[in-house]
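For reference, the chains in residue letters:
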Amino acid sequence: MAQYSHRVDLHIHTTASDGVLTPSEVVHLSLERGLSVIALTDHDTLGGVAEAHRAALGAGLEVIAGVEINSEGERGDLHILGYYVDPENGPLRERLRAMQQARLARAREMVRRLAAMGMSLDWDEVRALAGGEIVGRPHVARALVNRGYAQTTRETFERFIGRDGPAYVPRLRLSPADVIETIIGAGGVPVLAHPVCSGPAAVERVPEFVSYGLRGLEVYYPDHSPEEIEMLLELCRKHDLLVTGGSDFHGPRVEEGAPLGSVYVPPECAERLRKAAGGAETTDRPSPRTNQR
Ligand code: AMP
Ligand code: FE
Ligand code: FE
Ligand code: ZN
């Protein structure tokens, strides 16, 4: 457990999207690991935030309302995180609803393609595995494993539903400007997720994203090498951007990725993020913007 004893994790998925732990379970695990600030960043939904807030009540753990929204990039995987967004904001809810609808149609199409390849899945089973409003490839993957078409979800990505797989269908992607402006409009702080994993074009386009209002880069991330972290820190200095980081936790099993709290994120990153969102600093007076949200 010692290796997970960092205090901050700003990139976490729950059952509200494609994670395997419920928001309450994530809160309890975070407390067990000694974390003091976490952000839920489910794909295209804020559906887990209220439950996490309830579970963390009085426990000394800050839970930031966050979301991870897909946007178009060269490789189609530009992800933008929105922190401290207002879950009730109309335009944001509208965008997320459109993403959720598009995800349904897209997952159905993947199931259709898999059926054409001889792997029949029950659509209701996929929906049940998703549990909520977000259907993603991990749910299709789990259905494939349940039916014995593959041993692991990783294998389903390699053979069928990964980007170059025969049953892959891209999902709806809003423009980066739209995503960034929507997050700002909802009172949130937009941050580019795992910039290195989104290809060299993503890093090159940082100045363009800054011109739309991007406020930070996710520097600390499981797949980022020390050299890449240094490069991103330099980019943050150059463009006066916030530094964030997190594990991109999806679940406790190895194939689900990095463990909760396993990435070192300097605690001051969370403080600066809170301040940027207009929130009160722990030892400072509240900023005037707090009242607006
Ligand atoms: P989607 O949002 O439906 O396109 O699915 C993307 C999600 O699938 C990511 O957020 C990860 O949770 C998961 N994922 C991506 N690549 C892999 C992989 N190679 N093996 C297992 N899960 C993956
Ligand atoms: Fe995911
Ligand atoms: Fe992502
Ligand atoms: Zn993520």
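That block above? That's the structure.
How each quantity is defined
- All chains use their own residue numbering, which begins from 1 and follows the written sequence.
- Chains and ligands are labelled by the order in which they are written, letters from A for the one and numbers from 1 for the other.
- It should be noted that, the model being predicted, local features are given only for residues of pLDDT at least 70 and side-chain atom pairs only at 80 or more, the latter also being counted only at that level, while totals for whole chains, interfaces and linings use all residues.
- For the side-chain quantities, the full set of heavy atoms in the structure was used; hydrogens and water were omitted.
- Relative accessibility decides the category of a residue: with a 1.4 Å probe and only protein chains considered, values under 20% of the type maximum give buried, values over 50% give exposed, and everything between is partly exposed.
- In DSSP terms, a helix is any run of H or I states spanning at least four residues, a strand is any run of E spanning at least two, and both are numbered starting from the N terminus.
- Following DSSP output, two strands are said to pair if at least two bridges run between them.
- A crossover counts as right-handed when, viewed with the strands pointing away from the observer, the path leading from the first strand over the helix to the second turns clockwise.
- Helix axes are fitted to C-alpha atoms over the stretch in contact, other axes to C-alpha atoms as well, and angles between N-to-C directions run from 0 to 180 degrees.
- It only takes one pair of heavy atoms within 4.5 Å for two residues to be counted as in contact.

1. Examining the pairing of strand β2 (residues 37-43)
On a regular strand, one side chain projects to one face of the sheet and the next to the other, so that they alternate.
Turning to step 1, where the next piece is worked out: With 7 of 7 residues buried, β2 is to be regarded as a mostly interior element.
Turning to step 2, where the next piece is worked out: Judged by which residues are buried, β2 turns out to be covered on both faces: V37, A39, T41 and H43 on one side and I38, L40 and D42 on the other are all buried.
Turning to step 3, where the next piece is worked out: Across 3 bridges, the pairing between strand β1 (residues 8-12) and β2 is parallel. Bridging across to β2, D9 finds its partner in I38.
Turning to step 4, where the next piece is worked out: The handedness of the β1 to β2 crossover, carried by helix α1 (residues 23-32), is right-handed.
Turning to step 5, where the next piece is worked out: When β2 meets strand β3 (residues 62-71), the two strands line up parallel, connected through 7 bridges. Residue D42 lies in a different strand from β3, and its bridge partner there is V67.
Turning to step 6, where the next piece is worked out: For the handedness criterion, the β-α-β arrangement of β2, helix α2 (residues 49-56) and β3 is classed as right-handed.

2. Overview of the sheet that holds β3
Turning to step 1, where the next piece is worked out: Spatial strand order, β1-β2-β3-β4-β5-β6-β7: 7 strands in an open sheet with mixed pairing. Single-partner strands in this sheet number two, and they are β1 and β7 (242-245). Put simply, the sheet's adjacent strands are angled 30° from each other on average, direction ignored.
Turning to step 2, where the next piece is worked out: By the bridge criterion, 4 bridges tie strand β4 (residues 78-83) to strand β5 (residues 189-192) in an arrangement that is antiparallel. Across the sheet, I80 pairs through a bridge with L192, a residue of β5.
Turning to step 3, where the next piece is worked out: The sheet strands contacting helix α10 (residues 226-239) are β6 (216-220) and β7, and the helix crosses β6 at an angle near 155°.
Turning to step 4, where the next piece is worked out: In the packing of helix α11 (residues 267-276) onto the sheet, the strands contacted are β1, β2, β3, β4, β5, β6 and β7, and the crossing angle to β7 comes to about 120°.

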